[in-house]
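Structure at a glance
What follows is each chain in one-letter form.
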Amino acid sequence: MYLPGVGPKRAKLLGEEMGLHTFGDLLEYFPFKHLDRTRIYYIHELSGDMPFVQLKGRILSYEVEGKGRKQRLVGHFTDGHGFVDLVWFNGAKWVRDTYREEKEYIVFGKPVYFSGTGRFSISHPEMDDASTLTLSTMGMQPYYSIPVKASKKGISSRTIEKLTNVLFRQMSGRVPETLPQWLVDKYMLMGRDEAVRTMHYPQSADALSRATYRLKLEELFYIQLNILKFTADRQKEVHGIPCPRVGTHFMDFYHNHLPFTLTGAQQRVIKEMHADMKSGRQMNRLLQGDVGSGKTLVALLVMLLGIDNGLQTCIMAPTEILAEQHLETFRNFLGDMPVRVELLTGMVRGKRRKAVLEALAAGEVDVLVGTHAVIEDNVEFKNLGLVVIDEQHRFGVAQRARLWRKNVVPPHVLVMTATPIPRTLAMTLYGDLDVSVINELPPGRKPIVTVHHYDDHRFTLYDGMRQQIMLGRQVYVVYPLITESEKLDMKNLEDGYDTLCQVFPDFKISKVHGRMKAAEKDAEMQRFASGETQILVATTVIEVGVNVPNASVMVIENAERFGLAQLHQLRGRVGRGADQSYCILVTKHDLSAETKKRIAIMTETNDGFEIAEADLKFRGPGDLEGTQQSGTAFELRVANLARDGQIVQQARDMAREVIDADPNQNNPDYALLWQRLSDLGKDTQDWSSIS
Ligand code: ADP
Ligand code: MG
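Predicted model only: the values in this text are computed from it and were never measured. (Residues numbered from 1 in each chain as written. Chains lettered and ligands numbered in written order. Predicted model: local features only at pLDDT ≥ 70, side-chain atom pairs only at ≥ 80, totals over all residues. Heavy atoms only, no water.)

Details of the site of ligand 1
What counts here: One heavy atom within 4 Å of a molecule or strand is enough for the residue carrying it to be called near that molecule or strand. Two N or O atoms count as a polar contact when they lie within 3.5 Å, although within protein this holds only if one can serve as hydrogen donor and the other as acceptor, and sequence-adjacent residues are included solely when both atoms are side-chain atoms. Computed with the Shrake-Rupley method and a 1.4 Å probe, the accessible areas treat only the protein chains shown as cover for residues. Think of it this way: any DSSP run of H or I at least four residues long counts as a helix, any run of E at least two long counts as a strand, and we number them from the N terminus. Put simply, Ala, Val, Leu, Ile, Met, Phe, Trp, Tyr, Cys and Pro go in the nonpolar bin, Asp, Glu, Lys and Arg in the charged bin, and everything else, Gly too, in the polar bin.
Residues in close proximity to ligand 1 total 18 residues, the closest being Gln266, Gly292, Lys295, Thr296 and Arg445. In the environment of ligand 1, an oxygen atom lies 3.4 Å from a nitrogen or oxygen atom belonging to the backbone of serine 293. In this structure, lysine 295 approaches ligand 1 through a side-chain N or O atom, which is 2.7 Å from an oxygen atom. Alone, ligand 1 offers 570 Å² of accessible surface; in the complex the protein occludes 86% of this. If one sorts the elements of the shell around ligand 1 by residue count, helix α12 (residues 295-308) sits on top with three residues. Of the residues in the shell around ligand 1, the class split is six nonpolar, eight polar and four charged.

Below, the structure is given as structure tokens:
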């Protein structure tokens, strides 16, 4: 309100619709682009493919052309070197009253050539009185994004431009520096005052990029500093349960029960985890490995290490189906070993539940396999030492945090994910976790062949499916179901199921979707897993973790509606046995350019990391699967995790340096940093809740 141009009404509008309450808010409301207005063109220089340009001259006369809805006001404009038509399709009276003939204007807009008139024309140009030009209109002009609501109430980019312009001119002080001067000097950064001014009104493209860099680095730096400080504090305060022993359980299993040799990568990550567990610190590790890379087995081996040290262990899966599958896998692997594995899900009720809970509290259960049900408050362990969270992105932060309270000394935590996360994103989202990567698939796997099919060429598709089934293989057919209640999606699935029943009367077909009762779903999945049915028609309930090695074909219907990460997950359901496997992406004909690219990436590569990088570029980290629940309030103002990977790395290095130089946070040279960090922390989430 204290800014010329802002009255009480506008102040309210800016505050409510754009979050601009203070001068500081306005200063940090950065434009999303600039238009180069440093140059004025002559009309005879114009050519057909120019972006926005500026011309300087006069309107000689106005004329109304066309009829009805095509009626328009045309101003014949000249700069003494040629003629251009300025065109307005509405507001003719206002235009005529405002832009007077014979007065000199700077005209700004995109020139389009019309062969009919032999002249260029500019529709709805921006007009400035040539005698009252401000610095901004002659330099790089800022363009601010304006929310629709504010725009409807008359706020335009131009409005904000005028306000920032006035603000900078009437501001006597400087924008306070938020980094210590020695750090600014050391990294040759632009000062904050200059950077903020430059963001709005850069003197050159070069200055703009230096300003952007400075602000991005600062933003990412404080995030990294926060993460590293949190990790350092945790290591100081929280001690881990020491697990020095490699005992009989691990050894017996390794030598007598393991049905195959571990891959080099599996061996390596197990060593990394064991090193954590015997260090006396609490393990907090993220295990990344592509679908089918054998994470479950790694989890089991690490759990056996825990058991060897007298501890109880637990593994949480995101769905009942998956939990049951883990139970079965573990029991099969372990055979007659003296390890008690129990299941706890929402389905385990009554007497069975009571028995499991009692055995758990008495310390008789070695491995508890379950879903969210295991973190309920009434589930008590005697001595919980290790928690494995499978397919982490289905678990919210709050749920993970509850695990910490399940034991006096917080248990070791292993988070496993098959959604590969690009390095720079992982550094930010899971920056406090140590990372292990399985970068190798078990031997003998043939790369999955992925092909794109249009949905009106089903004949060859059905043919291929039949051939595979005749070879004894099984086929998944997956439909998108964006929300389980969407009628149309359900109809697609039902229709698809009916069609398949007609096309393949000689085969048995299972059907699974999220609206079925858990028990029904399980039974159908079981029928498919046991080989009783040859085709499984399903929604994405099968996305996570299901293991049917005999299935060799994954048909994804309406593939255009799935994101890359999801497509890759689904594809990972096949290719688990030694047979050649196929993934068929079925789409409609008219696809957007972006969808075409997505499909192309899928057909070109099986590499989950490559796909994750591409996904990050397409969608931006905010939408990336799993990040919504990550618990980091990710409102980056200037930096972009998809594009600024290099700056993330530099921010990380800088933060590392600071933590190492002032581990106890009492060096006056660093006081500003710690103060700023604590100020920033007040309006972001509590990092200590992230496991
Ligand atoms: P994911 O990493 O997707 O969870 P799984 O743990 O389900 O993968 O493993 C996929 C399949 O590979 C399972 O059938 C598992 O038994 C098998 N497997 C795991 N490790 C090996 C190995 N070292 N050699 C051969 N097969 C393995
Ligand atoms: Mg798995």
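On we go from here.
Overview of a negative patch on the surface
Under the convention used in this document: Patch construction takes residues with relative accessible area above 30% that form no salt bridge. Like charges are linked within 9 Å, and nonpolar side chains (Val, Leu, Ile, Met, Phe, Trp, Tyr) are linked within 5 Å. A side-chain nitrogen of Lys or Arg and a carboxyl oxygen of Asp or Glu constitute a salt bridge if their distance falls within 4 Å. Neither His nor the chain termini are counted; the positive set is Lys and Arg, and the negative set is Asp and Glu. Here the site of a charge means NZ on Lys, CZ on Arg, CG on Asp, or CD on Glu.
A cluster of acidic residues, Glu604, Asp607, Glu610 and Glu613, forms a negative patch on the protein surface. One can find glutamate 613 in helix α22 (residues 608-619).

Re the domain arrangement of the protein
Frequently, the measure chosen for interface size is the accessible area removed from exposure when the parts meet. What counts, and what does not: Boundary definitions for the domains trace back to an automatic or database domain assignment.
Taken domain by domain, the protein holds domain 1 (7-170), domain 2 (175-237 + 653-679), domain 3 (248-438) and domain 4 (449-605). A C-alpha centroid distance of 49 Å is found between domain 2 and domain 4.

Details of the packing of aromatic side chains
Selection rule: Put simply, two rings from Phe, Tyr or Trp (the six-membered ring, in Trp's case) pair if the centres are within 6.5 Å, and we call them stacked under 30 degrees between planes, edge-to-face over 60, tilted for the rest. Exposure classes here rest on a 1.4 Å probe applied to the protein chains alone. A residue is buried below 20% of its type maximum, exposed above 50%, and partly exposed in between. We call a charge positioned over a ring when the NZ of a Lys or the CZ of an Arg lies within 6 Å of the ring centre and within 35 degrees of the ring normal.
Counted under the stated rule, the structure contains 16 aromatic pairs. With a centroid separation of 5.9 Å and an interplanar angle of 90 degrees, the aromatic rings of tyrosine 462 and phenylalanine 504 are classed as edge-to-face. Here tyrosine 462 is found in helix α17 (residues 458-470), whereas its partner phenylalanine 504 is found in the loop between α18 (487-503) and β19 (509-512), with 42 residues between them in sequence. Judged by relative accessible area, which is 15%, tyrosine 462 ranks as buried. Joined through ring pairs, the aromatic side chains of Tyr62, Trp88, Trp94, Tyr99 and Tyr105 make up one cluster. One Lys or Arg, lysine 33, reaches over the ring of tyrosine 143 and ends 5.3 Å from the middle of that ring. The lysine or arginine in question, arginine 39, covers the ring of tyrosine 41, its NZ or CZ lying 4.1 Å from the ring centre.

Focus on the pairing of strand β4 (residues 83-88)
Put simply, the test is: One requirement defines pairing of two strands: DSSP has to find at least two bridges between them.
For β4, the tally of buried residues reaches five of six residues, placing the bulk of the element in the interior. Bridge count between strand β3 (residues 72-78) and β4: six bridges; the pairing is antiparallel. The partner of phenylalanine 77 across the bridge, within β4, is valine 84. What sits between β3 and β4 in their antiparallel hairpin is a turn of four residues, with glycine 80 showing a positive phi close to 90 degrees. The pairing of β4 with strand β7 (residues 119-123) spans four bridges and is parallel. Residue pairing for β7: valine 87 is matched across the bridge by serine 123.

Observations regarding the pattern of salt bridges
Within this structure, the stated rule accounts for 37 salt bridges. Arginine 285 is the salt-bridge partner of glutamate 272, the closest N and O atoms lying 3.9 Å from each other. Of this pair, glutamate 272 sits in helix α11 (residues 264-278) while arginine 285 sits in strand β10 (residues 284-289), and the two are 13 residues apart along the sequence. Taking the relative accessible area as the measure of exposure, arginine 285 reaches 9% and is therefore buried. Among the charged side chains, a network of salt bridges with common partners joins Glu28, Glu177, Arg192, Arg214, Glu218 and Arg676.

Some details on the sheet that holds strand β15 (residues 412-417)
Basically, it comes down to this: Note on definitions: angles span 0 to 180 degrees between N-to-C directions of axes, and those axes are lines fitted to C-alpha atoms, for helices only across the stretch in contact. Here, two residues are considered to be in contact whenever any of their heavy atoms come within 4.5 Å of each other.
What the seven strands build is an open sheet, ordered β12-β13-β11-β14-β15-β10-β16; its pairing is parallel. Sheet topology places β12 (341-344) and β16 (434-438) at the edges, where each strand pairs with a single neighbour. This sheet shows a mean twist of 20 degrees between the axes of neighbouring strands, independent of strand direction. As paired strands, β10 and β15 are joined by five bridges and run parallel to one another. Counted as the bridge partner of asparagine 284 is valine 413 from β15. Each of β10, β15 and β16 is contacted by α11, which is oriented at about 160 degrees to β16, the strand it contacts most. Strand contacts of helix α14 (residues 350-361): β11 (312-316), β12 and β13 (367-370), with the helix running at about 130 degrees to β12, the strand carrying the most contacts.

Topic: the side chain of aspartate 390
Along the chain, the position of aspartate 390 falls in strand β14 (residues 384-390). The charged side chain of aspartate 390 is buried without a salt bridge, its nearest counter-charge being lysine 295 at 5.9 Å. Only 2.7 Å separates the side chain of aspartate 390 from the side chain of histidine 326, close enough to count as a polar contact.

Side note on a nonpolar patch on the surface
A surface patch of nonpolar side chains, about 410 Å² in accessible area, is lined by Met1, Tyr2 and Phe23. As for its position among the elements, tyrosine 2 is in the segment before α1 (8-18).

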